[in-house]
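# Inside the fold
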Amino acid sequence: MNESESGHAWLSLGGTASLGWTERLRRFPWSLLLLLLLTIFFGFGVLYSAVGGENNLWLFWRQVIQSSIGIGIMLTVALLAGEKIFRRFSYMFYFGSLTLLAVTMIMGSVGMGARRWLEVGFFRLQTSELMKVALILALARYFHDHAKAGSLGWRDLGVPFLMILCPMAFIIKQPDLGTAVLLAGVGLSIVVVAGISWKVLFTLVIVLGASMPLAWNGLHTYQKQRIITLFSPERDPLGSGYHIIQSKIAVGSGGVTGKGFMAGSQSQLDFLPERHTDFIFSVLAEEWGFLGGVTLLVLYALLILRALLIAEMANDRFGLLTVVGATMLFSVQVVVNVGMVLGLLPVVGVPLPLISYGGSSMVTLMIAMGLLAHVSLYSRQHGRSV
Amino acid sequence: MLDDDREQFRGDARRRLLLVGGCLGAGFLVLGGRLFHLQVMRGGEYRTLAEDNRISLKPIFAPRGRIFDRENRALVENSPDFEVVVVPELAGSLRMLFKRLSRHIDLSEEEIKHLLQQARRQRSFLPLRVKSHLSWEEVSSIEVRIHEFPGLDLQSQSVRYYPYDALACHILGYLGEPSDGDRKRLSRITFRSGDLVGKSGVEQHFEELLRGREGVLEMEVNAVGRHVRELHRNPPESGEDLRLSIDFDLQKEAQEAMGEETGSVVAMDPNTGEILAMVSTPSYNPNQFIRGFTHAQWQALSTDPDRPLINKAHQGQYPPGSTFKIVVALAGLATGKLDPKEQVHCGGFLLKEEQRFYCWRRHGHGSVNLIQALTQSCDVFFYKLAERLGIDAIERQAHKMGLGGVTGVDLDSERAGLIPSRAWKRKMFKASWYPGETLITGIGQGYVLTTPLQLASMIATVANGGTVYRPSLLKLEPGQVPDVMVRNHFSAHHLELLRQGLEAVVHDPTGTAAKARPEGGIRVAGKTGTSQVARHRREKSGQIIKSTNEKLQDHALFVCYAPLDRPKIAVSVIVEHGGHGGSAAAPVAKRVMDRYFTKYGSGA
């Protein structure tokens, strides 16, 4: 990085808090949007097959609409908001979300053995989705406000850990292990980039590892079952092992080039469970083979790379940490979902970003992407990079 | 200062970002590697698993071969058996449906309850069998109303049908569930659940011919087993039809002639060994095995002391009685130990080693030669002849005429009968052969056992001049050479003498079987026999005290062939506990022969 050049960029903007419209459009990270659109369109192809083509076309069109709304939200977040707005309202947003989580626990509606939704008028609000964004912003704000030279010790981390653990407790209680793990991953990555001392990080990892057996006892039977099943799916091939076995068969049988569009027997003949939501990657891998699977992984990797570049160019800690959180929200879901489909991780009900059918996760992700673009837009070092 | 802080922060943040990015990169590499492992390295393996998932093989049953008599009258057919099934997911309320259905078919409250339970256990798109073996009334009643019952379907499957019920049941046999023994014996066949297999008769013997080869339907199925489409069909090969040597008219006549009696009739073409009729009584209805028995019915059938499930023609073993004298006579002539003109005195008994061997006629026959001895069935004559021949010569002759071993008929589980010998006795009783035993063997009593089929084959051998054919239940193709078991070269002169005696049995006023004389002046050669069931008590005078218990009465036997000069039919009859061969068995043979000659004539 050339410091003088960056200083020049800073001066040339004159510290303006807001940009003109032409400037906003010029500074918008179009390559990020392009990668997103590519991935989303790639997803449409897979989803069309996963819902069974003509038979359930309405699902496909709903996803097209949901994705369009998502893009709209992303553009809104990125282009309309002023530079400081997210930092200003982050705590309020966080506490609002936490309250909603508490309300959900008391009066939320139950589905599939979990209490996750709040009936708001005509639609169901999954309050944990709000918390994902809220936690990112709140943590970023905290470390921004409490900036400190040198690395962060236990004393500095008490409040952030509490901020992470509170919503996690609610969400584990729902129970929704996938989202809880996601929050932990996102939170931890923010803490790491914010400057946690290596000693503390190391201790933390040890403590977490040691408390595994304790955590095990706190799990629901079905959660334990999923973890046992992961390691030996053949123990219960028709019960909890069924998902993993069928998913592995689907992926494996795809081979190098796949069975072709709409031609995957595992996908089309209902052997794959949840094939348009959590297990959509199996459909892709079966019908498009190794080439298709790797293509999607490369698209994701490019997106993540682009996002990390934005982080690197952020003006301040808040921007940097927001981008890190948003990127991790996205990446952890990719890794956990694909790992689950490939039988490497337990089945934890995490959708595949941008591809899986479903509105709420799409909206949350696009808000995160909007935040990414927003940070990029206001970056004073913008000129240096793509 | 501020810049320094920012600078330091930036440097640190970049390092930390690198760590996060590195972690993610590692994660992606693991995912890519796993994808490579599953898809590229183990792809073939998983492809097989996916195919196994996808394809369901459904057997298509091959129609079993039908069975005809020698004139192509169907004795065994496959008839459609209708069952009514319902696909619950199309039917709406099953309870209502069954209620309405019970107006048209016999469906009890109990059965409905059971069906509803079953419906809860199986997937709702799979057809549920409501009732099988529908009557024609039920079928037509449902057929016209089928549109009133959504989801209901009439399905037909092919079941074995024996149009004449019990007639020829022992030849045809019946079907049943394969036993372990069947599975072992027919190891080349893969049995499926619900598969039936021949349990007796030709159904059993020709199982592999009749069965054909099942076809395969390859269906694509989805995860819950619903059929999506047909992928490939390998059509079944139907079983071969059998054309039996049986003449149905003759079979029917023989069956009717036996009436309520227990026993067996075998009629055979003496020139080929083809069996024209084979009756065993009492009989059973093979259709019952398809429809199923109640426990009581099965008990009654399987424990009946008259053993209706056994084919007595090849599984019933009886002492041949005087019919065996044919063998002894031929042995005497062949060995030269009997001069045809020789006169033997019969005084009613023969004294041997201080033991009296009685003739059936207590006053004796006076002086008799061979022909007279055969005509009147004089026991003393044959005691003496047997004594002179010795057991070894008798045994040899019996084997030459197909006795004492299986005939090789096209039926399973044939019994061999028994021709006793010194070696046999030593082995069985650890005792030597007594001369007295030779004497009673000479009149077909004692240890000798034969099946009615063996006796038919024996008299056929006499009829054709010495060839023992393998009795065949399949009609010979034109030009097909019959199987020969033993080919003897009996002297024409000896045979002529024997025939004269056997003819007199039927046609001489002193003969024992006048009741076998056919209509229309056809000449018959025959021999009666009476085989002892229990040793009768005798008074000092020799008068037999006949038991009044029917089960202790003697078995009546008769063997014959006709016409005398150009034999076309050989018959053996045994009537269990029938008393005398001449009175109980000969009339049965006469009816069979009469039927034969009215149908075919007696000419060449």
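## Let's talk about the overall build of chain B
Within chain B, the secondary structure is distributed over 22 helices and 23 strands. With 604 residues in all, chain B has 42% of them scored as buried. A fraction of 72% describes how many contacts in chain B between residues 6 or more apart in sequence connect residues 24 or more apart.

## Here's the deal with the overall build of chain A
Of the regular secondary structure elements, chain A holds 16 helices and 3 strands. When burial is assessed residue by residue, chain A has 48% of its 386 residues classed as buried. Sequence-distant contacts, at least 24 apart, represent 72% of the contacts inside chain A between residues at least 6 apart.

## Some thoughts on the pairing of strand β3 (residues 74–86) of chain B
All names here are of chain B. In the sheet, strand β2 (residues 67–68) pairs with β3 via 2 bridges, with the strands oriented antiparallel. Note on β3: the bridge partner recorded for I67 is V76. Connecting the antiparallel pair β2 and β3 is a turn made up of 5 residues, with N72 showing a positive phi of about 65°. Of the strand pairs in this sheet, β3 and strand β5 (residues 152–161) are connected by 10 bridges, and their pairing is antiparallel. Note on β5: the bridge partner recorded for V86 is L152.

## As for helix α3 (residues 30–50) of chain A
Residues and elements named next belong to chain A. A rise of 1.5 Å per residue sets the reference length of α3, with its 21 residues, at 30 Å; its end C-alpha atoms lie 30 Å apart and thus fit the reference within 8%. Along α3, the residues that are buried comprise L32, L35, L36, I40, G43, V46, L47, Y48, S49 and A50. In the core, the buried residues of α3 are packed alongside α4 (57–80), α13 (265–268), α14 (280–312) and α16 (359–377).

## Things to note about the sheet that holds strand β8 (residues 215–221) of chain B
Residues and elements named next belong to chain B. The antiparallel open sheet is built from 3 strands, whose spatial order is β1-β8-β9. The two strands at the open ends of the sheet, each matched to only one other strand, are β1 (55–60) and β9 (227–234). Across the sheet, the mean angle separating the axes of adjacent strands is 30° when strand polarity is ignored. Looking at chain direction, β1 and β8 are connected through 6 bridges and run antiparallel. Opposite P59, over in β8, you have V216 as the bridge partner.

## Things to note about the interface of chain A and chain B
With 37 residues of chain A in contact, the opposing surface of chain B contributes 34 residues. Breaking the side of chain A that touches chain B down by element, the ones donating at least two residues are α8 (177–194), α12 (242–254), α13, α14 and α15 (317–341) of chain A. Among the elements that line the side of chain A that touches chain B, the one with the most residues is α14(A), at 11 residues. Class assignment of the residues belonging to the side of chain A that touches chain B gives a composition of 22 nonpolar, 12 polar and 3 charged.

## With respect to the environment of H489(B)
Residue and element names in this part refer to chain B. Note on placement: H489 falls in the loop between β18 (484–487) and α21 (492–507). By the C-beta count within 10 Å, which is 8 here, H489 ends up exposed. Along the backbone, H489 and G465 are 24 residues apart, and their C-alpha atoms lie at a distance of 7.6 Å.

## Here we look at the confidence of the model for chain A
Looking at chain A as a whole, its pLDDT mean stands at 85, while 88% of the residues score no less than 70. Within chain A, α14(A) carries the highest mean pLDDT (95), whereas helix α1 (residues 3–13) of chain A carries the lowest (37).

## What about the sheet that holds strand β12 (residues 275–281) of chain B?
Residue and element names in this part refer to chain B. Across the sheet, which stays open at both edges, the 5 strands sit in the order β12-β11-β23-β22-β19 with antiparallel pairing between neighbours. Every other strand in the sheet has two partners, leaving β12 and β19 (525–531) as the edge strands with one partner each. Within this sheet the neighbouring strands show an average axis-to-axis angle of 5°, counted without direction. When strand β11 (residues 263–268) meets strand β23 (residues 569–575), the two strands line up antiparallel, connected through 6 bridges. Across the sheet, residue V265 finds its bridge partner in β23, namely V573. Against the sheet, helix α11 (residues 248–258) engages β11 and β12, with an angle of about 30° to β12. Contacting β11, β22 (555–562) and β23, helix α20 (residues 452–464) crosses the sheet at an angle of about 145° to β23.

## Focus: the confidence of the model for chain B
Across chain B, the average pLDDT comes to 89, with 95% of residues at 70 or higher. Low pLDDT (under 50) marks residues 536–543 of chain B, which in the prediction has 13 contacts with non-local residues, meaning those over four places away or in another chain.

## Some words on unusual backbone geometry
Residue and element names in this part refer to chain B. For the peptide bond that leads from T281 to P282, omega is -5°, which places it in the cis range. Here P282 lies in the loop between β12 and α12 (287–291). Here the phi dihedral of D165 falls at roughly 50°; this positive angle occurs in a residue that is not glycine. By the secondary structure assignment, D165 is in the loop between β5 and α7 (169–172). Taking the C-beta count within 10 Å as the criterion, D165 has 14 such neighbours and is therefore assigned partly exposed. The backbone of S413 shows a phi angle near 55°, a positive value even though the residue is not glycine. When you line up the elements, S413 lands in the loop between α17 (379–400) and α18 (422–429).

## A few points about the environment of K132(A)
Residue and element names in this part refer to chain A. Here K132 is to be found in helix α6 (residues 127–145). For K132 and P167, which are 35 residues apart along the polypeptide, the C-alpha to C-alpha distance reads 9.3 Å. Contact partners of K132, with chain neighbours within four places excluded, come to L182, L183, L329 and T364.

## Observations concerning the environment of A74(B)
Residue and element names in this part refer to chain B. Here A74 shows up in strand β3. Given 16 C-beta atoms within 10 Å, A74 falls into the partly exposed group. In the structure, A74 is positioned 167 residues away from D241 in sequence and 10.0 Å away in space, judged by C-alpha atoms. Contact partners of A74, with chain neighbours within four places excluded, come to R66, F68 and P163.

## Brief notes about the packing of α11(B) against helix α22 (residues 581–600) of chain B
All names here are of chain B. Relative orientation of the contacting elements α11 and α22 amounts to 155°, with a least axis distance of 9 Å. Considering their axes alone, α11 and α22 lie roughly antiparallel with respect to each other. Both α11 and α22 take part in a crossing whose hand is right-handed. Seen from α11, the contacting residues are D249, L250, E253, A254, A257 and M258; seen from α22, they are V588, R591, V592, R595, Y596 and K599.

## Topic: the nonpolar core
Judged by nonpolar contacts, the single largest core of 118 residues is most densely connected at L135(A) and L372(A). Here this core gets 16 residues from one element, more than from any other, and that element is α15(A). Once residues within four sequence positions are removed from consideration, L372(A) is found in contact with L32(A), A307(A), I310(A), V323(A) and A326(A). Among the nonpolar cores identified, the runner-up in size contains 112 residues, and M401(B), L497(B), L498(B) and A562(B) belong to it.

Calculation rules
Residues numbered from 1 in each chain as written. Chains lettered and ligands numbered in written order. Predicted model: local features only at pLDDT ≥ 70, side-chain atom pairs only at ≥ 80, totals over all residues. Helix = DSSP H or I, 4+ residues; strand = E, 2+ residues; numbered from the N terminus. Buried ≥ 20, exposed ≤ 12 C-beta atoms within 10 Å, placed from the backbone. Contact = placed C-beta atoms within 7 Å. Pairing = 2+ DSSP bridges. Expected span 1.5 Å × (residues − 1). Axes fitted to C-alpha atoms, helices over the stretch in contact; angles between N-to-C directions. Nonpolar A, V, L, I, M, F, W, Y, C, P; charged D, E, K, R; others polar. pLDDT = per-residue confidence, 0-100. Parallel < 35°, antiparallel > 145°, perpendicular 65-115°, else oblique. Left-handed = near helix turned anticlockwise from the far one by under 90°. Core = buried A, V, L, I, M, F, W, Y, C linked by C-beta atoms within 7 Å.

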